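Geometric and topological summary
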Amino acid sequence: MSLFERRGFGLFGQIVAILFAAVLLESAASMFLYERASQFSINGDKARRLAEHLVLSGKLIEEAPRSQRDTVASELTTTRYHLVWQERLANPPPVSPKLNHITRQILDWEPEIRERDLRLYLQSPGLHSTISGAIRLNDGSWVSFSARDHIRQLDLTVGRSLQTLIPAIALVLLASLLIRHTLRPLRDLTRATETIGKRDFVDVPVRGPAEVQKVIGAFNDMQHRIAAMITDRTQALAAVGHDFRTPLARLRLRAESIEDPLASRDLEQDIGEMERMIDSLLAYLSGDIDNPTEPLALTDIAVLCATAADEASDQGFPVRYIGPDHLTLTVHGIAIKRAVRNLLGNALRFGSQIEVRLRQTDRWVEIEIADDGPGIPAHLREEAVQPFARLDTARARDTGGFGLGLSIVDRIAQIHGGALELGQSHLGGLTARLRLPAA
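Residues numbered from 1 in each chain as written. Predicted model: local features only at pLDDT ≥ 70, side-chain atom pairs only at ≥ 80, totals over all residues. Heavy atoms only, no water.

1. So, the overall build of the protein chain
Operational definition: Strands here mean DSSP runs of E at least two residues long; helices mean DSSP runs of H or I at least four residues long; both are numbered from the N terminus. Throughout, exposure labels follow a simple rule: accessible area from a 1.4 Å probe, protein chains only, divided by the maximum for the residue type, with under 20% read as buried, over 50% as exposed, and the rest as partly exposed. By definition, residues are in contact when any of their heavy atoms lie within 4.5 Å. Surface exposure here means Shrake-Rupley accessible area, sampled with a 1.4 Å probe, where a residue is shielded only by the protein chains that are shown.
Secondary structure assignment for the protein chain yields 12 helices and 11 strands. Taken over 439 residues, the protein chain has a buried fraction of 38%. In the protein chain, the share of contacts with a sequence separation of at least 24, taken over all contacts with a separation of at least 6, comes to 62%. Accessible surface, the protein chain as shown: approximately 25400 Å² in total, 57% of it carbon and sulfur.

As structure tokens, then:
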């Protein structure tokens, strides 16, 4: 747990603290750069000329009467230096570092200037930097001067630009790391919300600012409530499924004892239809489709499709398989088998001629089941995939089931990263195409 978390700082407080730290660091960097400016030097020739000019100008102005000193200072002004006599020393320019190194250079050339309290400043630090300053006369007045040529050593060269940019870049990087650390709990929460319902619930670590901790805590509580609700629902469905199957088993035994063969067969069909309806409803509501208990495994899709077609043919249905003898794919085998059986069952109820095709492209493995039945109009195909959908104008209502077959297939396709597509069959009816990623 970081210092911010122990102090109970919220997200706003942490960002303010980071910005405050950034401002302090920027101020420290600026102060350091201005201090470094005092270390710049001019070449020896310029230092000697400035020293000589200051000594000579100071003596001449000091010997002149006070009423004429302004005139003398003006006459001593050259193309290099501007001189002004002042009774009192004016305040130095704001943000003007002292040039300690250059001061030592001048004092080395003219030691007598030490007695005149030489003061040097850097004006306009940057590309057009110049030197200004003053010396004190014996009567307490001052001679101020400013150099009219720039200090070329202070130009914005690549080296100086890097010196300015490096602290700024370092500051940005440091602030980015701090903000990234602050927002890490939000990233954990985002990943958890993206995977909710796709795997077992995992508590998100409660950390970060106070507001984020409250959100994470509420999210974890929600997960616990959802998990408890799913557990209760699963147990209830299991009990309902058991309770339904018991009387159905008794009905089946009684159907076998009926002497009328036609009535016995009709009753057997009704019982079988009820069992299939219960199985599809329990499979849809229990969540087994979205969270298969079986692991992903290498499955021969071709053998699976061919076997389903052969079983239907053995029962007297006109089903033909068209495709390779073997095609392996890593899938939830039982779920894919359920999907193929659902699609084939739909085709058998509505068509008199069915084809099961299997093909592979660069990106997809496609299982296509086509029939010659009434089909589904294009504007109703999206609705047909919805749970409990019964299309009056497409397929008959007396075919049984809850309308969950295509919905279950669609969900199985989605958990594999694929899709279910409905279209017009070349046989004249419906084509249901289950697309699965090839890799």
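2. Quick word on the nonpolar core
The nonpolar side chains of soluble globular proteins are, as a tendency, buried together. Stated precisely, the cut-off is as follows: Note on terminology: a nonpolar core comprises buried Ala, Val, Leu, Ile, Met, Phe, Trp, Tyr and Cys residues joined through side-chain atoms within 4.5 Å.
Membership of the largest hydrophobic core comes to 43 residues, with the highest contact counts inside it found for I336 and L344. Contact partners of I336, with chain neighbours within four places excluded, come to I301, L304, V331, I367, I412, H416 and L436. L54, I61, L76 and I131 belong to the second largest nonpolar core, which has 24 residues in total.

3. With respect to the pairing of strand β7 (residues 328-331)
Rules: A pair of strands is considered paired only if DSSP assigns at least 2 bridges between the two.
Here β7 shows a clear split, with L329 and V331 buried on one side and none of T328 and T330 buried on the other. In this structure, strand β5 (residues 297-300) lies alongside β7, joined through 4 bridges in antiparallel fashion. Considered in β7, the bridge of T299 is made with L329.

4. Details of helix α10 (residues 333-350)
Inclusion rule: In this scheme, a helix's expected span is set at 1.5 Å multiplied by one less than its residue total.
The terminal C-alpha atoms of α10 lie 26 Å apart, and with 18 residues this matches the ideal 26 Å at 1.5 Å per residue to within 8%. For α10, the set of buried residues is G333, A335, I336, A339, V340, L343, L344, N346, A347, L348 and F350.

5. So, the confidence of the model for the protein chain
Convention followed: Here pLDDT means the predictor's own confidence in every residue, given as a number from 0 to 100.
Taken residue by residue, the protein chain gives an average pLDDT of 76. The fraction at 70 or more is 75%. In this model, residues 152-157 is a region of pLDDT below 50 whose contacts with residues beyond four sequence positions or in other chains number 15 contacts. Low pLDDT, under 50, characterises residues 392-400; the stretch is placed with 22 contacts to residues that sit more than four places away or in other chains.

6. Structural notes on the pairing of strand β9 (residues 364-371)
Counting buried residues along β9, 8 of its 8 residues qualify, which places the element largely inside the surrounding structure. Residues of β9 alternate between two faces, with W364, E366, E368 and A370 on one and V365, I367, I369 and D371 on the opposite face, all of them buried. Of the strand pairs in this sheet, strand β8 (residues 354-360) and β9 are connected by 7 bridges, and their pairing is antiparallel. What sits directly across from Q360, in β9, is V365. Where β8 hands over to β9, the hairpin turn is made up of 3 residues, counted between the paired strands. Both β9 and strand β11 (residues 430-437) contribute to a ladder of 7 bridges, which runs antiparallel. Note on β11: the bridge partner recorded for W364 is P437.

7. Let's talk about the environment of A90
Residue placement: A90 occurs in the loop between β1 (81-86) and α5 (100-109). Taking the C-alpha atoms as reference, A90 lies 9.3 Å from W142; in sequence the two are 52 residues apart.

8. Quick notes on the sheet that holds β11
The line we're drawing: Helix axes use the C-alpha atoms of the stretch in contact, all axes being lines fitted to C-alpha atoms, and the angles between their N-to-C directions lie in the range 0 to 180 degrees.
An order of β6-β8-β9-β11-β10 is seen for the 5 strands of this open sheet, with the pairing classed as mixed. Looking along the sheet, the strands with just one partner apiece sit at the ends: β6 (319-322) and β10 (419-424). Strand-to-strand twist across the sheet, computed as the mean angle between neighbouring axes with direction ignored, equals 15°. Where helix α9 (residues 301-314) meets the sheet, it contacts β6, β8 and β9, and its direction lies at approximately 160° from that of β6. The strands touched by α10 are β6, β8, β9, β10 and β11; relative to β9, the strand with the most contacts, the crossing angle is about 25°.

9. What to know about the pattern of salt bridges
The criterion, for reference: Each salt bridge in this description consists of a side-chain nitrogen of Lys or Arg and a carboxyl oxygen of Asp or Glu lying within 4 Å of one another.
Tallied over the full model, the rule gives 17 salt bridges. Close ionic contact of R69 with D139 constitutes a salt bridge, the shortest N to O distance being 2.6 Å. Remark: D139 occurs in the loop between β3 (130-136) and β4 (142-147) and R69 occurs in helix α4 (residues 69-76); sequence separation between them is 70 residues. The buried category is assigned to R69, whose relative accessible area is 5%.

10. Considerations on the packing of α10 against helix α12 (residues 405-415)
We count it as follows: In this scheme, a crossing is called left-handed if the near helix is turned counterclockwise away from the far one by less than a right angle; it is called right-handed if the turn is clockwise. Charged residues are taken to be Asp, Glu, Lys and Arg, nonpolar residues to be Ala, Val, Leu, Ile, Met, Phe, Trp, Tyr, Cys and Pro, and polar residues to be all remaining types, Gly included.
Viewed as axis vectors pointing N to C, α10 and α12 meet at an angle of 145°, and their least axial separation amounts to 9 Å. In this structure, α10 meets α12 at a crossing whose hand is left-handed. Only G405, L406, I408, V409 and I412 of α12 make contact with α10, whose side of the interface consists of A335, I336, R338, A339, N342, L343 and N346. When its residues are assigned to classes, the contact of α10 with α12 shows 8 nonpolar, 3 polar and 1 charged.

11. Observations concerning a nonpolar patch on the surface
Using the following cut-off: Patch construction takes residues with relative accessible area above 30% that form no salt bridge. Like charges are linked within 9 Å, and nonpolar side chains (Val, Leu, Ile, Met, Phe, Trp, Tyr) are linked within 5 Å.
Taken together, L25, L174 and L178 make up a surface patch of nonpolar side chains, about 230 Å² in accessible area. Topologically, L174 is positioned in helix α6 (residues 158-195).

12. Things to note about the packing of α9 against α10
α10 packs onto α9 with a crossing angle of 35° between their chain directions and a minimal axis gap of 10 Å. Crossing of α9 over α10 shows right-handed handedness. Together, I301, L304, C305, A308, A309, E311 and A312 of α9 and G333, I336, K337, V340, R341, L344 and L348 of α10 make up the contact between the two elements. Taken together, the residues that form the contact of α9 with α10 break down as 10 nonpolar, 1 polar and 3 charged.

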